[in-house]
Every structure is written in structure tokens, then in C-alpha cells.
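This is what each chain is made of:
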Amino acid sequence: MSLATAIARAAGRLSRLSGRGGTSLPGKVLLRLQPDAIARLGGRLPQGAAVLSATNGKTTTAAMVAAILERRGTRLVHNRAGANMAGGVATALLDARGRRDLGLFEVDEFWLAGVVDQLRPRALLLANLFRDQLDRYGELETIADRWAGVVDAAAGRGTRLVLNADDPLVADLGRDVAADQVTFFGVEDASLALPGLQHAADSKHCRRCGAPYVYDAVLLGHLGHYRCPTGDAARPAPAVVARDVTLNGVRDAAFTLAAPEGERRVALPLPGLYNVYNALAAAALARVLGASLDDVAAGLEAVAPAFGRAETVRIGGRPMTLLLIKNPAGANEVLRTLLLEAGEHDLFAVLNDNTADGRDVSWIWDADFELLAGRVRRATCSGTRAEELAVRLKYAGVPTDRIHVEPELERGLDAAAAAGDGPLYALPTYTAMLALRDVLARRGVARSSWAGGA
Amino acid sequence: MPALRVCALYPDVMNIYADRGNLLVLERRCAWRGIGFELSGAGFGDRVDPDAHDLFYIGGGQDRDQELCAADLVATKRDALAAAAEAGKVVLGICGGYQLLGHAYELGDREIRGLGLVDLRTVRDPGPRLIGNVAIEVDLDGGPRVLAGFENHAGRTLLGPGEQPLGRVLSGHGNDGRSGTEGVRRGTVIGTYLHGPLLPKNAWFADWLIRTATGLDELAPLDDALEDAAHRSARRAAGR
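Residues numbered from 1 in each chain as written. Chains lettered and ligands numbered in written order. Predicted model: local features only at pLDDT ≥ 70, side-chain atom pairs only at ≥ 80, totals over all residues. Heavy atoms only, no water.

Time to look at the overall build of chain A. Scanning chain A for helices and strands turns up 15 helices and 17 strands. When the backbone C-alpha atoms are referred to their principal axes, chain A occupies close to 60 × 60 × 40 Å. Across the 454 residues that make up chain A, the buried fraction comes to 62%. Look at the contacts in chain A between residues 6 or more apart in sequence, and 70% of them connect residues 24 or more apart. One finds the centroid of the 52 positive side-chain charges in chain A at a distance of 7 Å from the centroid of its 51 negative side-chain charges. (Helix = DSSP H or I, 4+ residues; strand = E, 2+ residues; numbered from the N terminus. Buried < 20%, exposed > 50% of the residue type's maximum accessible area, 1.4 Å probe, protein only. Contact = heavy atoms within 4.5 Å. Lys, Arg positive; Asp, Glu negative; His and termini not counted. Charge placed at Lys NZ, Arg CZ, Asp CG, Glu CD.)

A word on the overall build of chain B. What chain B contains, in helices and strands, is 6 helices and 14 strands. At 17 Å, chain B has a C-alpha radius of gyration in line with the 18 Å of a compact globule built from 240 residues. Reported as C-alpha extents along the three principal axes, the dimensions of chain B are approximately 50 × 45 × 30 Å. With 240 residues in all, chain B has 58% of them scored as buried. Counting only contacts in chain B whose residues sit at least 6 apart along the sequence, the fraction spanning at least 24 positions is 70%. When the accessible surface of chain B is split by element, carbon and sulfur atoms take 48% of a total near 9,000 Å². Of note, chain B has its 27 positive side-chain charges centred 4 Å away from the centre of its 33 negative side-chain charges. (Rg over C-alpha atoms; globule rule 2.2 N^0.38 Å. Areas by Shrake-Rupley, 256 points an atom, 1.4 Å probe, with all protein chains shown as cover.)

Turning next to the pairing of strand β1 (residues 3–9) of chain B. All names here are of chain B. Within β1, 5 of the 7 residues are buried, which leaves it mostly tucked inside the rest of the structure. By the bridge criterion, 7 bridges tie β1 to strand β2 (residues 36–42) in an arrangement that is parallel. Counted as the bridge partner of Cys7 is Ser40 from β2. Traced from β1 through helix α1 (residues 19–31) to β2, the parallel crossover comes out right-handed. Judged from the 4 bridges that link them, β1 and strand β3 (residues 55–58) form a sheet pairing that is parallel. Within the sheet, the bridge partner assigned to Val6 lies in β3 and is Leu55. (Pairing = 2+ DSSP bridges. Right-handed = clockwise from strand over helix to strand, strands pointing away.)

This brings us to the domain arrangement of chain A. All names here are of chain A. You can read the domains of chain A as domain 1 (36–302) and domain 2 (309–442). Just the C-alpha atoms count here: the centres of domain 1 and domain 2 sit 27 Å apart. Every contact between the two is made by 28 residues of domain 1 and, on the other side, 25 residues of domain 2. When the two sides are added together, the surface that domain 1 and domain 2 hide from each other amounts to roughly 2,100 Å², 52% of it contributed by carbon and sulfur. At the boundary of domain 1 with domain 2, the tally comes to 2 salt bridges. Ionic pairing is found between Asp366 and Arg131, a salt bridge with its closest N-O pair at 2.8 Å. In this structure, the connection of domain 1 to domain 2 is made through 7 residue pairs in polar contact (both at pLDDT 80 or more). At the level of elements, α4 (58–69), α7 (134–137), β7 (214–220), β9 (240–248) and α10 (272–288) are the ones that each hand at least two residues to the side of domain 1 that touches domain 2. (Domains from an automatic or database assignment. Buried area = accessible area lost by both parts, 1.4 Å probe. Salt bridge = Lys/Arg side-chain N within 4 Å of Asp/Glu carboxyl O. Polar contact = N/O pair within 3.5 Å; in protein donor to acceptor, adjacent residues only side chain to side chain.)

Let us look at the pattern of salt bridges. Residues and elements named next belong to chain B. In total, this model carries 50 salt bridges over all chains according to the counting rule given. Across the pair Lys77 and Asp72 runs a salt bridge whose closest N-O atoms are separated by 2.5 Å. Of the residues examined, Lys77 reaches a relative accessible area of 0% and is grouped as buried. A salt bridge links Asp125 to Arg156; its shortest N-O distance comes to 3.7 Å.

It is worth spelling out a nonpolar patch on the surface at this point. Residue and element names in this part refer to chain A. Residues Leu3, Ile7 and Leu33 make up a contiguous nonpolar surface patch of roughly 300 Å² in combined accessible area. Among the secondary structure elements, Leu3 is positioned in helix α1 (residues 3–17). Residue Leu3 is classed as exposed on the basis of its relative accessible area, which comes to 66%. (Patch = residues over 30% accessible without salt bridge, like charges linked within 9 Å, V, L, I, M, F, W, Y side chains within 5 Å.)

Further remarks concern the state of the cysteines. All chains considered together, the criterion is met by 0 disulfides over all chains. Here Cys228 of chain A stays unpaired: no disulfide links it, and the sulfur of Cys209 of chain A, its closest cysteine neighbor, is 3.5 Å away. (Disulfide = S-S within 2.5 Å.)

Quick look at the side chain of Arg392 of chain A now. Looking at the element boundaries, Arg392 of chain A is found in helix α13 (residues 386–396). Leaving out residues up to four positions away in the same chain, Arg392 of chain A has contacts with Ile364, Trp365, Ala367, Phe369 and Glu370 of chain A together with Arg20 and Leu24 of chain B.

Shown next, in the form of C-alpha cells:
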């Protein structure tokens with residue numbers, strides 16, 4: 001063990017002793033002492049590494065890939081708690097004990113270039129790009145440009161690429177990559193098509209010529225079956241496909257997974273089309289890493305939700321389902337999934353504006369809360385910007401006598417739980433979800449060591 | 001029935017900071033009072049009729065989109081918008097839309113020409129983007145009021161001599177991070193960096209726009225308990 005690793009591990013122990021978690025601190029210390037630590041530690045993994053990034057679904061997709069690969073006994077180094085900047089990746093490598101075969105890392109959109117450059121992964125999955133936290137990430141085009149550089153460099157080094165055919169911005173990244181080096185995945189079930197692009201849809205224009213894409217089917221945000229009218233771009237034919245998708249409210253989903261080697265019906269224990277996309281991405285990456293279709297299907301059926309992603313706990317005698325919302329595209333999918341449940345709903349919606357949430361809360365006006373407006377029995381709004389969320393719901397069409405504001409999280413939780421019975425749906429932003437986790441853990445409702453990430 | 005007729009310019013692309021929230025607030029606050037509301041959009045190549053609308057709205061967009069819009073504005077809409085401003089119609093530009101109201105946006109070796117409705121220029125500064133919660137004091141008529149919102153811009157906007165800002169920065173960066181001024185106001189032409197979006201956090205300003213654009217002297221009061229709380233919350237976020 002080098003001196004640098006020893007110091008970094010000691011820093012992690014100190015941080016944990018002081019009750020501050022420490023999921024990325026040791027790695028940050030290590031990178032300060034040894035800027036190439038990720039390359040050095042990653043280079044020791046006999047099967048190399050796989051990296052994935054996306055705006056939405058990183059933690060869940062990585063958990064699915066892990067569930068698949070671990071079926072055959074592959075020992076992973078995996079930042080499963082979702083600490084996904086360079087410090088988090090370095091910490092996962094530092095904390096790995098005993099023999100490890102393969103690295104599996106979710107990486108923040110913005111940190112992707114640096115981490116990929118050091119890790120030189122065998123495979124790189126890029127799953128989607130949505131408008132997210134403009135104050136932190138900047139414009140979508142800027143991220144896409146950075147990713148194009150990452151893809152060019154990685155492809156030149158022989159990295160296998162796994163790309164979402166249905167996301168025009170992501171699919172375009174593979175346009176110039178050799179066909180045998182890239183795997184596209186996509187959903188082929190036109191019965192799921194939306195009537196048109198949602199308001200928050202972003203990459204509506206061809207990245208090559210600027211003409212608006214023509215959509216034969218819009219499936220999720222700007223994901224769908226599209227083509228450029230001038231012929232510059234069209235959705236690539238995906239090799240890994242989801243067909244015959246069934247969505248069962250906030251509970252689960254099922255789909256037929258089709259790949260060149262065969263088909264399997266998959267009963268996914270997670271809800272919503274967004275999780276079908278996550279499963280499809282995980283399946284495509286796992287195949288590239290050598291998993292069989294049987295292991296893929298079995299792993300997907302065994303995956304447990306990450307905390308806050310459709311997790312159900314009991315509070316005040318009622319089931320409360322936690323559905324993380326953090327940007328317009330993700331929130332829209334949660335709202336759409338909620339709509340599949342019959343009747344009027346009790347909501348506990350928590351809007352924070354801490355750094356990890358994005359200081360700018362304008363995104364709630366891009367999310368389509370109008371979808372749910374006629375189906376709200378009671379909305380309890382909490383968080384640092386509870387009042388703004390209440391105004392959003394009012395202008396979406398929720399009657400004001402059904403909107404209640406209680407900024408303090410725990411009081412809000414109790415008020416929401418005490419008012420009414422039956423299912424309660426919690427819609428927290430990221431730091432609100434972490435705070436809620438702590439409250440629930442303190443009350444013995446939830447495990448204290450949930451794997452939470454973004 | 002009185003009506004507010006709004007023309008949103010490039011609503012498909014100049015909408016990056018939830019500009020639809022601003023339009024929604026205008027619509028609902030008109031509807032709750034029995035004031036008609038018409039919303040039309042004008043995209044690339046579309047001509048606009050200065051007499052057919054009471055309020056013209058330009059939001060913010062990604063850099064590439066803003067540049068495309070600038071060229072189209074100058075080519076197909078400048079004269080109409082100048083005539084509208086001359087006739088006392090409200091022209092509201094927010095963030096990128098604010099920059100486009102001025103003469104130009106200078107990007108080092110090249111410049112994007114704007115509408116020139118007001119005397120200002122925006123320059124790209126090598127310094128950091130100006131990002132954060134912001135509160136400004138404005139005096140539109142009848143005394144000082146506060147507008148609160150969020151700003152996120154790389155450009156520094158410099159007002160020409162004699163041009164009045166929309167307000168004075170109470171906290172945040174404002175036009176250029178130095179002058180203590182924010183936005184621009186020349187009569188009914190208003191530009192500001194405040195988004196977040198602006199009007200849900202500042203219902204009083206939405207009503208000012210409705211009054212000014214429709215010519216109605218008085219608006220029926222609404223129950224603004226939630227809006228007032230959101231305004232206070234946005235001010236708290238900005239430390240004011």
C-alpha cells in the first residue's frame with residue numbers, strides 16, 4: 001500500500017467517525033496526492049472497467065448491470081452509492097478489498113471526460129441527455145460537445161460504445177464510429193407514443209443541419225423514432241430492443257427483450273417507461289461485457305430499487321412511495337407513471353434548492369404538472385422552496401384548497417401522512433430525498449445505509 | 001371583453017429557463033379576472049403585426065439558438081417590433097431575449113446584431129458566468145418594489161448614456177456584476193436577466209404588465225397568498 005493510499009484511507013475513516021459519511025472524501029484526498037490514481041488503481045482490474053453516464057437513470061442502470069454481472073460471480077468495484085464525480089470513483093477503487101475482476105462506474109455527465117481518459121474503459125454506455133440544472137451543467141449543447149470529444153477519444157482507443165438509438169443527441173455521437181464497435185438500443189413499441197413532443201423536449205433540431213426532426217413516435221421527452229427531413233440523420237437500427245411493453249402503474253413493468261441471439265420476456269420490478277429504458281441500457285451494456293441473455297433477464301428481474309426510486313415504505317400506517325424528481329424529463333416520467341394509478345392522489349412534494357438540486361428552481365415550470373392537476377386530492381409542499389412549488393401546482397390547475405405548504409421537511413411529512421389514508425406519493429428532489437432518508441432511518445422505517453445516488 | 005394579446009417570439013427555442021411559466025402566469029391571472037387572453041407564437045421567417053398584439057415576449061435560449069434567432073429578428077421582425085414599441089406596446093425580453101433588445105452581443109472577434117430597440121451592448125467577459133439568486137429594487141410607477149429571481153449569464157450588459165436600468169441590484173450580479181444596475185427600461189420596453197421564471201415569483205409585476213399592455217386602470221384583486229409566499233421565499237433565497 002502506498003503512502004498516498006494510506007493517507008486517503010485514513011481520511012475516509014476519520015470522516016466516517018465524524019459521522020459525515022465519506023463516500024468521496026478519501027478519493028478526493030488521493031487524487032490530490034496522486035492525480036493519476038484512477039488510472040493506476042483501475043489498471044489493476046483484470047477485466048478492465050465499464051463506464052456509464054446519462055442525465056437520468058445512472059444509479060438505477062448501474063445497479064441493474066451489477067445485478068446481471070454478479071450472477072456469474074463477477075466481483076465488481078462499483079460506486080453503487082452514486083458518488084459519481086472523480087472523487088467518488090477514486091474512493092470506490094480505494095475501498096475495494098480482496099480480488100476484484102471488473103470496474104463498474106456511473107460517472108457524472110460533466111466529469112465523464114476526465115474519468116474515461118484515466119480509466120480507458122472496455123465499454124462506455126451513454127444513455128440519455130436531458131435539460132438539467134443549467135446553473136451547474138450549462139447548456140445541453142455544451143455537454144453534447146464534450147461527450148463528442150469523449151466518444152472520439154474512446155473509440156480511437158478501442159472502447160466499445162453502447163448508445164441510445166432513440167435519443168438523437170446521443171445516437172449522433174456514434175455516427176462516425178465503426179459499426180462493429182457500437183451497439184445501439186431502443187424501444188420499439190409505438191403504442192407508447194405520446195401525442196407530440198413535450199414542452200421540455202430539448203434536442204428537437206438535427207445536430208448536423210439544424211432542421212427540426214420529424215418524429216414518427218415520441219416516446220419519452222425527446223426520445224423516440226425520429227429522422228432529419230433533409231436526410232442528414234435518422235434513428236439507427238437498434239440491435240437490442242424492447243417490444244410489447246406493459247406498464248403497471250407505480251409498481252412494475254414488463255417487456256420483451258430482443259437481441260440478435262434471441263428474445264426473453266422480462267418482468268421488471270421497477271415501474272415506468274423510464275425504467276424500461278434503464279433496463280434496456282443495462283442489458284445492452286451487460287451483453288457487450290459478455291453476459292448471456294438468460295443472465296440479463298434474470299438479473300433485471302432481481303434488481304432492487306435504489307432508495308427514492310419507487311421505493312415504498314410505511315409511514316403513519318400508510319404506504320408511501322418515494323419517486324425522485326430532479327429535472328423536467330425525469331419529473332414528467334414520474335408524473336406519467338403516477339397517472340397510471342387510478343383515482344385521486346395524495347402528494348408529499350419536496351423542492352429543495354441546494355447545490356446538488358440546482359440552485360435554480362425554474363425547472364419545475366418546465367415539468368408538466370398539468371398532467372396531474374385534476375388528480376390531486378391533497379398536495380403537501382415542503383422544502384427550501386416549498387412556496388414556489390405550491391404556486392407551480394396552483395398554476396397547473398390544482399385547486400388552492402388542496403395545496404398545503406409546510407416548508408420544514410419532517411413537519412411536512414407528518415402533516416402529509418396524517419391527512420387521509422391509502423397510498424401517499426412522495427416527490428422529493430435529490431437533497432430532499434437524502435434528508436427524507438435520514439428522517440425515515442431515524443424512525444426505523446428505512447435502512448440507514450441505503451445506496452443513494454443520482 | 002378586454003383582452004391581453006401576447007406574441008411569444010420563437011417559443012420553441014427561446015424557452016430555456018422555463019419561460020413558459022411567465023406566459024402561464026399572464027394567462028391564468030387574466031382568466032381569473034375575466035380578461036381575455038390570446039397567445040400566438042412567431043417563429044423563424046414569420047412576420048409579426050405590431051397592431052395585433054399588446055405584449056411581445058422573448059425568452060432565453062441556448063447560444064446557438066439565440067444566434068439563429070438574432071439573425072431572423074433583424075431580418076424579419078425588427079421594423080414591426082420598433083413600431084410596436086413606438087406605439088406603446090409592451091416588449092419584454094428576458095435573459096437572452098434581453099440581450100437581443102440591444103444593439104449587439106460582442107463575442108470577441110465577432111458580434112451578433114440585435115434589435116436595437118434600446119441603447120445597450122452586451123460583451124462576453126472572460127470571467128465566470130454570473131449565476132445566482134438576485135433581488136432588485138424597481139420603481140415603475142408609484143414607489144419602490146422588489147423583483148426577485150435567478151440569473152445565469154456569461155454576457156455583461158452595458159447601458160448607453162441616458163438609458164435607464166430596470167432596477168438597482170439589492171443582491172446578486174445584475175447587468176455586469178459591477179455597475180449595480182439590472183435590466184433596462186425605456187417606456188414599455190423592458191429587459192432583465194431575472195428568470196426563474198420571473199412572473200410566478202413576482203405576481204405584482206405580472207399585474208403591472210397586464211395593466212400596461214391592456215390599458216386597464218385597475219385589476220380585480222386575487223387571492224395571492226401562495227404567490228406572496230413564493231415572492232418572500234425568492235427574496236429570502238437572494239438574502240433580501
